[in-house]
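As a plain string of letters, each chain reads:
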Amino acid sequence: EDGLRNSIMSATKLGKKVVVAGCVSQGAPDTKFIEGYSVVGTHQIDRVVEVVEETMKGHSVRLFGQKREGTKKLGGASLHLPKIRKNPLIEIIAINTGCLNQCTYCKTKHARGELGSYPIDEIVQRGQQCFEEGVREVWMTSEDTGAYGRDIGVTLPDLLYEFVKIIPEGCMLRLGMTNPPYILDYLEDMVTILSHPRVYAFLHVPVQAASDTVLEDMKREYTCGEFRRVVDYLREHVPGVTIATDIICGFPTETEEDFQETLALIDRYQFPSLFINQFFPRPGTPAARMKRIPADQVKLRTKRATEIFQKQFPYKGKVGSVETVLVTELATDGEHYVGHNKFYEQVLVPKDESYMGTTLTVKITETGKHYMKCEVLEVGSTMKLPSTYSNPNRIAFSEGPKKLVQNLLPASQHTTRNFLLLLFAGLFVQLLYIVLRSRWNKETT
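These notes cover the structure that comes with them.

### Description of the overall build of the protein chain
- Each helix and strand counted, the protein chain has 14 helices and 18 strands in total.
- Each of the 445 residues in the protein chain was classed as buried or not, and the buried ones make up 44%.
- Excluding contacts between residues fewer than 6 apart, the proportion of contacts in the protein chain whose partners are at least 24 apart in sequence is 70%.
- Carbon and sulfur atoms make up 54% of the accessible area of the protein chain, which amounts to about 22800 Å² in all.

See the structure below:
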C-alpha cells in the first residue's frame, strides 16, 4: 500500500494522468489516497484502454465487478489480451483467480473473490501462442494453483497433463504457489508432473506456522503434519525437488512455544527458499481485530528465524557437479546471466549474449547461500516447436510487420526486404497522422 501511495503521489506531482489498478484498489476502493483517481478492477483489465481515454479527457472512471457467465464466476479477463512482457523470454499465465480459503489475516480474498478457473483449452492455447512468440519459460500462477478447476469440474493434474504436451524442446514450465489442503489430493500426479523433463522440480507450498493451534486461528484448513506429509512425499519420490515455503512471525495468537515449533521446522527441513514475513494487520480482516503481540517481540522472532535460515547452505555439496540450465535473465549484479537447473536452483553463468535463451551444460565451480557459479561445458539447444502445433509458422501479433516481411522473403533478397520495410513504416506513419488529425479536429469542433 505504501508503494502504491508513493507512486500515485510521484506521478501526480509530475502532472501525469493516473489510473490505479491492482488488488489494493479492488480490495479497498474507499482508500483515502485513491479518491478522485480512475481505477481499473482486477477483472476489468481488458477495459483499460477506455479508462485511459476517459482519464485523458479529465474524467474519473471506476470499473470494478467480476467476469461472470450467468451466475458463474469466470477466471477474469481473456488470457489472449496483448501484453508487453517485462522479460520477453518469460510468460506468466494466471490459471485461476480467487481462492477457496478464508484466512483470517489475508486481504487478497477481498480483491480476488471466490475461485474462478480458466478452461484448460484456453490456457493451453495461450501457452502455444507464447512459445511461438519466443517465450522459453512459462510460470503458471494464481492465489492457489492447487485449487485450480474445482469450480469447473477439472483438476490441476488434468491441466498439467495437457500443457506438457505442447512445451517445446529447450523450454520449461514452473508451477506457482499451492496450499497444502488441495495438493494432498494429487501427490502421485504431482510426482509424475514434476519429474517431466520440461517441468521444473519446484513447488512453493506455504506453511505460515508449524503450530496447529496457530494454523487453526489463521483458518488455514490443514495441520503441520499434513504439510510435512507433502514435503516428505515429494522429497522421497522426486529426488532433489526444491520446496519453497513461507512463515509469518508474530501472528496475534502465537505463543513462544508455538514459535519454537516453527523454528524447529525450519531447522529440520532446511528449505532452500524461505519467505519470512512479520504479521501485519490488514484492515477489514478478522486478524486485524485481534490483540497484537508487541512489535519488538515480532521483530525479535523474525530475526531469530532469519538467523537459522541464513546458517543453512543447501548448495554446499554441489561443487563439481554437472548441470543443465536454461538461461533467461540478467543477474542483479549486472555481470552474469541467470540460468536455472531442473530444480529451479539459480546458477550464475558468464555474461555472453549468445547464451541468453539457450540451454547450457555447466560445471559448478562455486556456491553461495542463494546461488551457484559455473564454467560452461557445452551450449545446448534453442527452442524447437513440437509436432503438436497445428500451425507453427503462424505470425504472432506481437512480431509485427518486420517479422512478416522476413518470413515472406528469402534471406538473400535484402534490397527488396529493406524497401518493403520502409514502405510499411511510411504507410504506418501516414495512417497514424490521419487518425490523430481526425481526433484533433473532432475535439476542437
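### Describing the sheet that holds strand β10 (residues 172–175)
- Taken in spatial order, the three strands make up an open sheet running β6-β9-β10, and their pairing is parallel. Each having just a single partner strand, β6 (90–94) and β10 make up the two edges of the open sheet. Sheet twist, expressed as the mean angle between neighbouring strand axes with direction ignored, is 20 degrees.
- Here β6 runs beside strand β9 (residues 137–141); their pairing, made up of five bridges, is parallel. If you follow Ile92 over to β9, its bridge partner there is Trp139.
- Here helix α6 (residues 156–163) sits on the sheet and contacts β6, β9 and β10; the angle it forms with β9, its principal contact strand, is near 170 degrees.

### Some words on a nonpolar patch on the surface
- Together, Val19, Val52 and Met56 give the surface a local cluster of nonpolar side chains, amounting to about 240 Å² of exposed area.
- Here Met56 shows up in helix α3 (residues 48–56).

### Observations regarding the environment of Leu300
- Its location among the elements puts Leu300 in helix α12 (residues 295–310).
- Overall, Leu300 belongs to the partly exposed group, its relative accessible area being 46%.
- A sequence separation of 51 residues divides Leu300 from Cys249, and the C-alpha atoms of the two residues are 9.2 Å apart.

### Side note on the packing of α6 against helix α8 (residues 187–194)
- Here α6 crosses α8 at 20 degrees, and the two axes come no closer than 10 Å. Between α6 and α8, the angle falls in the class roughly parallel. Two packed elements cross with a definite hand, and for α6 against α8 that hand is left-handed. Of the residues in α8, those touching α6 at Leu156, Pro157, Leu160 and Tyr161 are Asp189, Met190, Thr192 and Ile193.
- Here the residues of the contact of α6 with α8 sort into six nonpolar, one polar and one charged.

### Comments concerning the environment of Thr223
- Structurally, Thr223 can be placed in the loop between α9 (212–218) and α10 (224–237).
- Counting along the chain gives 10 residues from Thr223 to Thr213, while the straight-line C-alpha distance between them is 8.9 Å.
- When near neighbours in sequence (up to four residues on either side) are disregarded, Thr223 contacts Asp212 and Leu215.

### Observations regarding the pairing of strand β16 (residues 346–350)
- Here strand β15 (residues 336–340) pairs with β16 via five bridges, running antiparallel. Along β16, the bridge assignment pairs Val338 with Leu348.
- From the end of β15 to the start of β16, which pair antiparallel, there are five residues, and Tyr344 there has a positive phi angle of about 55 degrees.
- Where β16 meets strand β18 (residues 372–379), two bridges bridge the pair, whose relative direction is parallel. Following the sheet pairing, Leu348 is matched in β18 by Lys373.

### Things to note about the sheet that holds strand β12 (residues 242–249)
- A sheet is described by the order of its strands in space; here three strands give the open sequence β11-β12-β13, paired in parallel fashion. Looking along the sheet, the strands with just one partner apiece sit at the ends: β11 (202–204) and β13 (273–278). Averaged over neighbouring strand pairs, the angle between their axes works out to 15 degrees when direction is ignored.
- Relative to β12, β11 runs parallel, the two sharing three bridges. Paired with Phe202 across the two strands is Thr242, which belongs to β12.

### With respect to the packing of aromatic side chains
- Under the defined criterion, the tally for this structure stands at six aromatic pairs.
- Between the aromatic rings of Tyr200 and Tyr344, the centroid separation amounts to 4.9 Å while the plane-to-plane angle is 70 degrees, which identifies the pairing as edge-to-face. Here Tyr200 is found in the loop between α8 and β11, whereas its partner Tyr344 is found in the loop between β15 and β16, with 144 residues between them in sequence. Tyr344 shares its class with Tyr200; the two are buried.
- Ring centres of Phe202 and Tyr344 lie 5.3 Å apart, and the angle between their planes is 50 degrees; on these two criteria the pair is classed as tilted. Note that Phe202 is positioned in strand β11 and Tyr344 in the loop between β15 and β16, a separation of 142 residues in sequence. In this pair, the class of Phe202 matches that of Tyr344, namely buried.
- Taken together, the aromatic side chains of Tyr200, Phe202 and Tyr344 make up a single cluster linked through ring pairs.

### Topic: α8
- Of the residues making up α8, those classed as buried are Leu187, Met190, Val191, Ile193 and Leu194.
- Summarising the contacts, the buried residues of α8 are in contact with α6, β10, α7 (180–183), β11 and α10.

### Observations regarding the nonpolar core
- Among the nonpolar cores identified, the biggest contains 68 residues, and Ile123, Met140, Phe163, Leu173, Met190 and Leu234 are the most heavily contacted of them.
- Those residues in contact with Phe163 that lie beyond four places of it in its chain are Ile93, Ile123, Val124, Gly127, Phe131, Val138, Met140 and Leu173.
- Core analysis: the second largest hydrophobic core is formed by 12 residues, Tyr315, Val349, Ile364 and Met372 among them.

### With respect to unusual backbone geometry
- Despite not being glycine, Gln208 has its phi angle at roughly 70 degrees, a positive value.
- With respect to the helices and strands, Gln208 occurs in the loop between β11 and α9.
- A positive phi angle, near 55 degrees, is found at Tyr344, a position not held by glycine.
- On the accessibility criterion, Tyr344 (13% relative accessible area) is buried.

Cut-offs used in this document
- Residues numbered from 1 in each chain as written.
- Predicted model: local features only at pLDDT ≥ 70, side-chain atom pairs only at ≥ 80, totals over all residues.
- Heavy atoms only, no water.
- Helix = DSSP H or I, 4+ residues; strand = E, 2+ residues; numbered from the N terminus.
- Buried < 20%, exposed > 50% of the residue type's maximum accessible area, 1.4 Å probe, protein only.
- Contact = heavy atoms within 4.5 Å.
- Areas by Shrake-Rupley, 256 points an atom, 1.4 Å probe, with all protein chains shown as cover.
- Pairing = 2+ DSSP bridges.
- Axes fitted to C-alpha atoms, helices over the stretch in contact; angles between N-to-C directions.
- Patch = residues over 30% accessible without salt bridge, like charges linked within 9 Å, V, L, I, M, F, W, Y side chains within 5 Å.
- Salt bridge = Lys/Arg side-chain N within 4 Å of Asp/Glu carboxyl O.
- Parallel < 35°, antiparallel > 145°, perpendicular 65-115°, else oblique.
- Left-handed = near helix turned anticlockwise from the far one by under 90°.
- Nonpolar A, V, L, I, M, F, W, Y, C, P; charged D, E, K, R; others polar.
- Phe/Tyr/Trp six-rings, centres within 6.5 Å; stacked < 30°, edge-to-face > 60°.
- Core = buried A, V, L, I, M, F, W, Y, C linked by side-chain atoms within 4.5 Å.

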